[in-house]
Structure formats: structure tokens, C-alpha cells
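Residue strings, one per chain:
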Number of protein chains: 2
Amino acid sequence: MEIQILKDILAANKNAADEIKALLGQKKIYMIDMMSSPGSGKTTITDRIISSLKDRFRIAVIEGDIKTTKDAEKLARHGIPIFQIETERFGGDCHLEGSWIKGCLERFDLDNLDLIIIENVGNLVCPAEFQLGDDERMVVLSVTEGEDKPAKYPLMFHTSDTLVLNKIDLLPHLDFSMEDLMKNVQDVNPRMTIFQVSARTGLGMEALVSHIAERVEAKKKQA
Amino acid sequence: MEIQILKDILAANKNAADEIKALLGQKKIYMIDMMSSPGSGKTTITDRIISSLKDRFRIAVIEGDIKTTKDAEKLARHGIPIFQIETERFGGDCHLEGSWIKGCLERFDLDNLDLIIIENVGNLVCPAEFQLGDDERMVVLSVTEGEDKPAKYPLMFHTSDTLVLNKIDLLPHLDFSMEDLMKNVQDVNPRMTIFQVSARTGLGMEALVSHIAERVEAKKKQA
């Protein structure tokens, strides 16, 4: 019973995601679904991306949180459109769904946007099951979380395009094997693009920002 | 519709939790439900607790993971009963449910146990909604996750009894305000008992272990 309901929910979500994909294709807007555990650094990474690209592209952010608008407040200084979804109003949901993203897009001026970054709810499990019609699924993993996460949360890593390995400034203070991590990533998703960064210090952010800029440009040029 | 189904699931879970509570009361076994984000250090903490208490109490562990038996393998060296639940078989579930814990308890020799530690699925959201009939809900938060987590995941912190603040050996390398964390905890749960530890170095573990030992003794003496 529970499984049938879940299938129905996922099917409805897939329809919403397809509609979003078509709309973003028509408007030539690139959209990233950024996912991670709580506290892995999504907001700091997003903040750095916006700082680097806001003079070049028109950017908007969708913030997913169960409660609080803290992350949206942190990003407000950039003066870009930010839409906050507090999932507590939907029963404390642990993920974002396509229909809610559709609702957000209706409030943005889509003719004047190039890039939308979704910060999903901090959770390595449930968001993996819900497609949002984005162009790039980006999972952020802090090295403090350990090298076993791709093996323990395989759907998240298997369905994502990009891995941003954050907090590498802390590596000297951790028992962390980069070799083991790379092996675990290889096992679940050998096609994954990997960036190693410290969003706090800025280390490695340039490569990530260039990657996103290239993808946004490519989408703008699509026929 | 989705909300009604969730209510039915939660009601069924509550029944299972009540049955577990009665059973553990009768057998005088103390049970801890340990919850956290992925990678906050639950297994290392559990490993330390077992090392310190296995000569004094008869301990068993229930490991919840979506996939892999890595954590159970790490703890196997202690030669204690360990039951692994891989939730991938239940549709990749993001939490443990009372009925599954009941199933585990049927396989343990309950007349020869004093303490059961449940390591829940790494997730600050969904496990908060499912009571498991335990004596103590313990949330582990790594300081690398940031001081805003109690505000962002209020149900988890509001419904837990104990906060284990882990990885404090990394504090000199982080921008972390202990004062802000304490304020955020106070806001959602002023009755919370807090331990500051580094499971990796062992710092602060003695106080946590003593707390657990006292609670196990107290339950054994209950009429």
C-alpha cells in the first residue's frame, strides 16, 4: 500500500519535472539541483557561485528548508530573486517536489534569468528519488562525513552528475582516504564529474565556477 | 491523501513502539535510538561505548542503513549480537520503523541483554517522526555541520533527550560559535542533556559513557 502510494507520488512528480524541463528549455535557463547532508556547505558554495557569476549571468535561487529562512537571508545581500520553500507547511517534508518548483518558477521573471540554483533540503536519501526537471544534479559531500557515503547512499550518488567535495581545508586534521572515496564513487557512478573545494577559503572554487559558466553559456546557445 | 496515509503509518508505528516499550520494561533492557546526519560519527561513538561498557553490561546493536553492512562489520570485532537492517529492501527507506525493531528484538536473547543501541539511518528529518519504543533518543551533531542545525531541523532536536556534539577536536579549524549553538538548542529544547566529545580522540567520552551506565543500572533496578 505504502509502496503503491509512493509510486503514484513519484509518477506525478515525474510529470511536473518534464513540464519544468520543457519550460526551462524554451526559456534557455540552466537549473542546478544541489543536494547534500545537513551542514555540508551548500549555502556557502552557492554564495561563492553567485559572487563569481552575478555580473555575468542573471541568477535566481530556490531555497528548500524544513524550517527557517536562514539560508535565504544569508544570500539576500546579492539582491537576486530568492524563493524560500519551508517544507514544514507540507508536513515537514524531507525533500522538494516538482510541483513546488513549478510554483516557484511561476513567480520568477523567466525571460530575465540564465541560471537557477535549487538548494534542496539537507538529506542524502529522499531528494534523490524526486526529479525536479533540472539540467544538473549536484551532490555536495563534506570530507568530514567520511569516504563511505557513496556506498551507503548509492541512489544519491548514482543519479547525480557532479560531486562537489567540500571542506578540503580540513583534510590535514582528518583520517580521510581520498583513494577510498574515489573508489567508492567509481563503484556507484563512474561518469561523475568531481570538484574538490573549500567553500570557506575559496580553494578550488574557480574550476567549479568555470564548469557552471560553460554549461550556462551552452544552454543559452541551444537552438 | 498523502497526509492521511502518513497518519495511518505513524499510528501503526506508535502501536509497535508501545509494544516494544512494554517488552523492554518487562526485560529491564535500556534502549537508545541514536540519530544524526550522514557521517556525524554514530558508529565511532557506538564503538567507544561498547569498548567501555561491554565487560559491565550485555550489549546488542541494531544497525540501520539503506545499503551496505559496513557499520555492522566495524563493530563485529566486539563479538556482541548485531542485527543489520538494510532499508533498501523496504524501498530504500530513510528511517527505521517500530515494526522492524520488533522483528529484530525477536531474534535477540532478551533475557541476556542490558543495553540495546540502535544506529538509525543517517538523516536528520524522517527518523524524528518515528518513535521506536526506546528509553532515550540521542541526536549526534558534528560541529562541522554548523550551529544552525537545531533551528533548521527542529523536530529532531525537540523530540530528542540527549545531544552528543561530536568532532570537537576540529573546533580550532572551524568558524563555529558554541554560544550560537547553545542558544539554538535552548530555543527548541531547553531540557536537552548535552555532551561534547571527540569520538576519534576519545575526548569527553567518559562523561557520556557514565551517563549511559547510570541509566542502564537504573532500569535494571526498576520494579
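How each quantity is defined
- Residues numbered from 1 in each chain as written.
- Chains lettered and ligands numbered in written order.
- Predicted model: local features only at pLDDT ≥ 70, side-chain atom pairs only at ≥ 80, totals over all residues.
- Heavy atoms only, no water.
- Contact = heavy atoms within 4.5 Å.
- Buried area = accessible area lost by both parts, 1.4 Å probe.
- Salt bridge = Lys/Arg side-chain N within 4 Å of Asp/Glu carboxyl O.
- Polar contact = N/O pair within 3.5 Å; in protein donor to acceptor, adjacent residues only side chain to side chain.
- Helix = DSSP H or I, 4+ residues; strand = E, 2+ residues; numbered from the N terminus.
- Nonpolar A, V, L, I, M, F, W, Y, C, P; charged D, E, K, R; others polar.
- Buried < 20%, exposed > 50% of the residue type's maximum accessible area, 1.4 Å probe, protein only.
- Pairing = 2+ DSSP bridges.
- Axes fitted to C-alpha atoms, helices over the stretch in contact; angles between N-to-C directions.
- Expected span 1.5 Å × (residues − 1).
- Core = buried A, V, L, I, M, F, W, Y, C linked by side-chain atoms within 4.5 Å.

Draft legend 1. Structural context of the interface of chain B and chain A. Across the contact, 41 residues belong to chain B and 40 residues belong to chain A. Between chain B and chain A the total buried area reaches about 3,200 Å² when both faces are included, carbon and sulfur atoms providing 58% of it. With a shortest N-O distance of 3.2 Å, Asp175 of chain A and Arg200 of chain B are connected by a salt bridge. Our count for the contact surface shared by chain B and chain A stands at 14 residue pairs in polar contact (both at pLDDT 80 or more). Looking at the side of chain B that touches chain A, the elements that each hand over two or more residues are α1 (2-27), α3 (70-75) and α5 (149-152) of chain B. The residue inventory of the side of chain B that touches chain A, partitioned by class, reads 15 nonpolar, 10 polar and 16 charged.

Draft legend 2. Spotlight on the pattern of salt bridges. Applying the stated rule across the entire model yields 30 salt bridges over all chains. Two residues, Asp65 of chain A and Lys152 of chain B, come together in a salt bridge whose shortest N-O distance is 3.4 Å. Taken together, the residues span two chains, with Asp65 of chain A in strand β2 (residues 59-65) and Lys152 of chain B in helix α5. Each member of the pair, Asp65 of chain A as well as Lys152 of chain B, carries the same accessibility label: buried. Among the salt bridges present, the one from Lys152 of chain A reaches Asp71 of chain B, with a minimum N-O distance of 2.5 Å. Residue Lys152 of chain A is found in helix α5 (residues 149-152), and its partner Asp71 of chain B is found in helix α3; the two belong to separate chains. Residue Asp71 of chain B is classed as buried on the basis of its relative accessible area, which comes to 2%. A single salt-bridge network, built from bridges that share partners, covers Asp65, Asp71 and Lys74 of chain A together with Lys152 of chain B.

Draft legend 3. How the structure looks around the sheet that holds strand β6 (residues 162-166) of chain A. All names here are of chain A. As summarised here, the arrangement of the seven strands in space is β3-β2-β4-β1-β5-β6-β7, forming an open sheet in which the pairing is parallel. Both outer strands of the open sheet, β3 (82-86) and β7 (193-196), are each paired with one neighbouring strand and no more. Averaged over all adjacent pairs, the angle separating strand axes in this sheet is 20°, with direction ignored. Direction of pairing for β6 relative to β7: parallel, over a ladder of four bridges. Bridge pairing links Val164 to Phe195 in β7. Most of the contacts of helix α7 (residues 178-188) go to β7, to which it runs at about 155°, and overall it touches β5 (136-142), β6 and β7.

Draft legend 4. Geometry of helix α8 (residues 205-221) of chain A. Helix length check: α8 of chain A, at 17 residues, gives a terminal C-alpha distance of 25 Å against a target of 24 Å (1.5 Å per residue), a fit within 8%. Residues of α8 of chain A that are buried: Met205, Leu208, Val209, His211, Ile212, Ala213, Val216 and Lys219 of chain A.

Draft legend 5. Looking closely at the nonpolar core. Grouped together as the largest cluster of nonpolar side chains are 84 residues, with contacts concentrated most on Ile101, Ile116 and Phe157 of chain A together with Ile101, Ile116 and Phe157 of chain B. Contacts of Phe157 of chain A, omitting those with residues within four sequence positions, involve Leu124, Val139, Leu141, Lys149, Pro150, Leu163, Val188, Asn189 and Met192 of chain A.

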